[in-house]
Amino acid sequence: MAAPGAAATDLEVVRGKRAALFFAAVAIVLGLPLWWKTTETYRAPLPYSEISGLNALQLRLMVPVTVVFTRESVPSDDQEKLPFTVVHEREIPLKYKMKIKCRFQKAYRRALDHEEEALSLGSMQEAETMLAEPQEQAEGSLTVYVIPEHSSLLPQDMMSYIGPERTAVVRGIMHREAFNIVGRRVIQVAQAMSLTEDVLAAALADHLPEDKWSSDKRRPLKSSLGYEITFSLLNPDPKSHDVHWDIEGAVRRYVQPFLSALSAAGNFSVDSQILYYAVLGVNPRFDPASSSYYLAAHSLPHVINPVESRLGSSAASLYPVLNFLLYVPELAHSPLYIQDKDGAPVATNAFHSPRWGGIMVYNVDPKAYNASKLPVRVEVDMEQVMEVFLAQLRLLFGIAQPQLPVKCLFSGPKSEGLTTWELDRLLWARSVENLATATTTLTSLAQLLGKISNIVIKDDVASEVYRAVAAVQKAAEELASGHLASAFTASQEAVTSSERAFFDPSLLHLLYFPDDQKFAIYIPLFLPMAVPILLSLVKIFLETRKSWKKPEKTTYAPPRRISTRSTSSGSRFETWTQALSSLKSRSPQLQSGCPSTGEIWTPMLDALSATSSHLPSSA
């Protein structure tokens, strides 16, 4: 009857082992991968290696310069060597991780017939008009004409001339080193018309150390796809002044041509408003000597904040807002003047704040108060006002006066208020600024995503990152090729794509559980199920390991006859017989002390006695 019970027990043990192995296999093979896949954070692949390589990017800004030699501008022997190309390259010494090199590629050639005819005219204006008719120069390129040393086209005390277009004129020389001398003059003019260290420093002001450049280099506006310009008329005393300004006509005549010329740098929108009872946040001081009021230079920063709260133009704007305020002081503080740091009145009676806008104080003629009753009708001279605002607008965009070489004549901009090469120089600066901004944004995004592993990276975010990296590389290639227009377009695309990826709402890591919170949620669910399975696996492993151990081999030796001459074997047998008799004699004592023990010992001793009786006496 014991055999079937033992077999049933063994079958249950085998079934338990199989069940434990099955549950463990299901949990490991199906459950764990399914849980891991359903709870993992989706992260699209990003070009981390290419992004890290952007930090070591070297920008080569090539400026194509065509140098045209007229007859008798250099010795005839040198004329015979034309045409040929000379490359002048130098590194811009900026403390920035991105190395920038400026490369002037000078292509020397002889003047054509119409160019000889134009440069033989009596004035530069006529020559420029004739030279500009048959050709259109590409953005970023320059043309420098070399005229004879004693030509009357320029004043005798001037060695070079910079015009409003992409053209310049330098004097030649009859010298054996004519090409070297003329080449240096050409480089000086080309640098003034294209790229200088100050222009690039202003463009990279946000990326350079604080101690490298002064605050004046931080005046230009940051690059953007669009800008909003607001003209505001502030009339704090409408009871005394009835102010009228023709802002629509002024914008059409003065501002719109300037913005049209500047349209390559971004889109512009213009609006205007009139604010009544809007006073300055600073009380003017009275000057008894001139019987007037003034605003000191140290108080000007405190004027903007109170006025800005009344403007309300930048609240819902997606682009930078430029504010230009025309302030007509109240009768109690008239006339009002602005003083500089030295205490002298400012000629324009205006000031501007970097990246914000400008304010102009417009005083009413004192004679107007005697001629009529209050309120006095005030007609604003818009030509005077717009002249100041356009000058401030140039400064806000970083379009400053060029650093002219010695004995260089500068004609100034046309009626638009902007020369063609000034626009090119602005595009150079904005292209470099856009590349620096895009590189910094992509590097920061890569570091952020690498540090926080539970941020979801969607496919559209990854595509924006890839697009930004490709645009940065394309812009760098176009700059090295001298294609300014396409380089600026690619740099704008790089900034737009990088910022769109960086500020994507799906990158908010607070929307997702960190790993420690994830384990804290799932451990109470999985631990009660996993402990029995693990213990069963451990038990099965130990039993299997024990069964794999081979049992010790026992060999059966048949009884052999022992010689009677072995006295030691006989003595050992006698000792064994005596010990057995002694134990048998003590069996009643063990049984009396512990009945259960006696019951065990008595049969055992009888069996041993029976076994020993069958042994030969010689054993």
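Cut-offs applied
Residues numbered from 1 in each chain as written. Predicted model: local features only at pLDDT ≥ 70, side-chain atom pairs only at ≥ 80, totals over all residues. Heavy atoms only, no water. Helix = DSSP H or I, 4+ residues; strand = E, 2+ residues; numbered from the N terminus. Buried < 20%, exposed > 50% of the residue type's maximum accessible area, 1.4 Å probe, protein only. Contact = heavy atoms within 4.5 Å. Areas by Shrake-Rupley, 256 points an atom, 1.4 Å probe, with all protein chains shown as cover. Pairing = 2+ DSSP bridges. Axes fitted to C-alpha atoms, helices over the stretch in contact; angles between N-to-C directions. Expected span 1.5 Å × (residues − 1). Salt bridge = Lys/Arg side-chain N within 4 Å of Asp/Glu carboxyl O. Left-handed = near helix turned anticlockwise from the far one by under 90°. UniProt positions renumbered as here; feature names shortened; annotations may be inferred. 1 Å grid on protein atoms, 1.4 Å probe; cavity = no way out; pocket = protein on both sides within 12 Å on 5 of 7 lines; lining within 4 Å. Points joined across faces, edges and corners; volume = space filled by probe spheres on them. Nonpolar A, V, L, I, M, F, W, Y, C, P; charged D, E, K, R; others polar. Patch = residues over 30% accessible without salt bridge, like charges linked within 9 Å, V, L, I, M, F, W, Y side chains within 5 Å. Phe/Tyr/Trp six-rings, centres within 6.5 Å; stacked < 30°, edge-to-face > 60°. Core = buried A, V, L, I, M, F, W, Y, C linked by side-chain atoms within 4.5 Å.

Caption draft 1: Just the overall build of the chain, in detail. On a plain count of helices and strands, the chain comes out with 18 helices and 17 strands. With 619 residues in all, the chain has 42% of them scored as buried. Intrachain contacts of the chain at a sequence separation of at least 6 include 77% that bridge at least 24 residues. For the chain, the exposed surface amounts to about 34800 Å²; the carbon and sulfur share of it is 57%.

Caption draft 2: A look at the sheet that holds strand E13 (residues 336-338). Taken in spatial order, the three strands of this open sheet run E10-E11-E13, and their pairing is mixed. The sheet terminates laterally at strand E10 (285-287) and E13, the two strands that pair on one side only. Within this sheet the neighbouring strands show an average axis-to-axis angle of 40°, counted without direction. Pairing of E10 with strand E11 (residues 292-295), which is carried by three bridges, proceeds in the antiparallel orientation. In the strand pairing of E11, Arg-285 is matched with Tyr-294.

Caption draft 3: Inspection of helix H12 (residues 420-451) at higher detail. With 32 residues, H12 ought to run about 46 Å at 1.5 Å a step, and its terminal C-alpha atoms sit 47 Å apart, in line with that. Within H12, 26 of the 32 residues are buried, leaving the element largely enclosed by the surrounding structure.

Caption draft 4: Fine view of the pattern of salt bridges. All told, the structure shown has nine salt bridges when counted by the stated rule. Among the ionic pairs, Glu-115 bridges to Arg-109, the shortest N-O distance being 2.9 Å. Assessed through its relative accessible area of 24%, Arg-109 is described here as partly exposed. Measuring nitrogen to oxygen at the nearest pair gives 2.4 Å for the salt bridge that ties Arg-166 to Asp-424. Of this pair, Arg-166 sits in the loop between strand E5 (160-162) and strand E6 (167-171) while Asp-424 sits in helix H12; the two residues are 258 residues apart in sequence, bridging distant segments of the chain. Side by side, Arg-166 and Asp-424 carry an identical accessibility label, which is buried. Taken together, the shared-partner salt bridges connect Glu-464, Arg-467 and Arg-500 into one network.

Caption draft 5: Focus on the packing of helix H8 (residues 247-261) against helix H11 (residues 382-396). Between H8 and H11, the least distance of the axes is 10 Å, while the angle of their chain directions is 30°. Two packed elements cross with a definite hand, and for H8 against H11 that hand is right-handed. Contacts between H8 and H11 involve Ile-247, Ala-250, Tyr-254, Val-255, Phe-258 and Leu-259 from the former and Met-382, Glu-383, Met-386, Leu-390, Leu-393 and Arg-394 from the latter.

Caption draft 6: How the structure looks around the UniProt feature "transmembrane region" (unreviewed entry) in the chain. Mapped onto this numbering, the UniProt entry gives "transmembrane region" (unreviewed entry) at residues 19-36 and 519-542. Spanning residues 19-36, this segment combines 100% helix with 0% strand, and its end C-alpha atoms are found 24 Å apart.

Caption draft 7: Fine view of empty space enclosed by the protein. In this structure the tally under the stated criterion is one cavity of 30 Å³ or more. Here the largest cavity is characterised by a volume of approximately 40 Å³. Along its surface, the largest cavity is lined by Met-124, Ala-127, Glu-128, Leu-131, Tyr-145, Tyr-161, Gly-163, Thr-167, Ala-168 and Val-169. Elements with a contribution of two residues or more to the lining of the largest cavity: helix H5 (124-132) and E6. Among the elements that line the lining of the largest cavity, the one with the most residues is H5, at four residues. Partitioning the lining of the largest cavity into residue classes produces seven nonpolar, two polar and one charged.

Caption draft 8: Geometry of the sheet that holds strand E12 (residues 321-327). An order of E9-E7-E12-E15-E14 is seen for the five strands of this open sheet, with the pairing classed as mixed. Because the sheet does not close on itself, it has two edges, and the strands there are strand E9 (267-276) and strand E14 (350-353). Each strand axis lies, on average, 15° off the axis of its neighbour in the sheet, ignoring direction. The sheet contact formed by E12 and strand E15 (residues 357-361) spans five bridges and is parallel. Residue Tyr-327 lies in a different strand from E15, and its bridge partner there is Val-361.

Caption draft 9: Geometry of a nonpolar patch on the surface. Residues Phe-22, Phe-23, Val-26, Ile-28, Val-29 and Leu-30 make up a contiguous nonpolar surface patch of about 630 Å² in total accessible area. With respect to the helices, strands and loops of the structure, Phe-22 is situated in helix H1 (residues 2-39). When its relative accessible area of 54% is taken as the criterion, Phe-22 is described as exposed.

Caption draft 10: Quick look at the pairing of strand E8 (residues 241-244). Residues His-241 and Val-243 point to one face of E8 and are all buried, whereas Asp-242 and His-244, pointing to the other face, are not buried. Bridging between E8 and strand E16 (residues 376-379) involves four bridges; their strand directions are parallel. The residue bridging His-241 from the neighbouring strand is Val-376, located in E16.

Caption draft 11: Representation of the packing of aromatic side chains within the structure. A full pass over the atoms with the stated rule returns 14 aromatic pairs. Ring geometry for Tyr-227 against Phe-268: centres 5.5 Å apart, planes inclined by 20°, an arrangement best described as stacked. One end of the pair, Tyr-227, is in strand E7 (residues 226-235); the other, Phe-268, is in strand E9, and 41 residues separate them in sequence. Following the ring pairs from residue to residue traces out a cluster consisting of Phe-69, Phe-84, Tyr-108 and Phe-179.

Caption draft 12: View of the packing of H12 against helix H13 (residues 459-481). Two elements in contact, H12 and H13, have axes separated by 10 Å at closest approach and are oriented at 145°. Viewed along their axes, H12 and H13 form a crossing whose handedness is left-handed. Residues Trp-428, Ser-431, Leu-435, Ala-438, Thr-439, Leu-442 and Leu-445 of H12 touch H13, and the partners they reach there are Val-465, Ala-468, Val-469, Val-472, Ala-475, Ala-476 and Leu-479. Looking at the contact of H12 with H13 residue by residue, the class counts come to 12 nonpolar, two polar and no charged.

Caption draft 13: Molecular detail of the pairing of E6. Among the five residues that make up E6, five are buried, leaving the element largely enclosed by the rest of the structure. Burial along E6 is two-sided: the residues Thr-167, Val-169 and Arg-171 and Ala-168 and Val-170 are all buried. One ladder, built from five bridges, connects strand E4 (residues 142-147) with E6; its direction is parallel. Bridging across to E6, Val-144 finds its partner in Ala-168. Where E5 lies against E6, three bridges are found, and the strand directions are antiparallel. Along E6, the bridge assignment pairs Ile-162 with Ala-168.

Caption draft 14: The nonpolar core, seen in detail. If you look at the biggest cluster of nonpolar residues, it comprises 116 residues, and the most contacted ones within it are Leu-59 and Phe-231. Counting 20 residues, the second largest nonpolar core, distinct from the first, contains Leu-295, Val-307, Ile-338 and Phe-351.

Caption draft 15: Spotlight on the side chain of Thr-167. Secondary-structure assignment places Thr-167 in strand E6. Residue classification places Thr-167 among the buried residues on the basis of a relative accessible area of 13%. With residues up to four places along the chain from it excluded, the contact list for Thr-167 reads Glu-128, Gln-137, Thr-143, Tyr-145, Ile-162 and Met-193.

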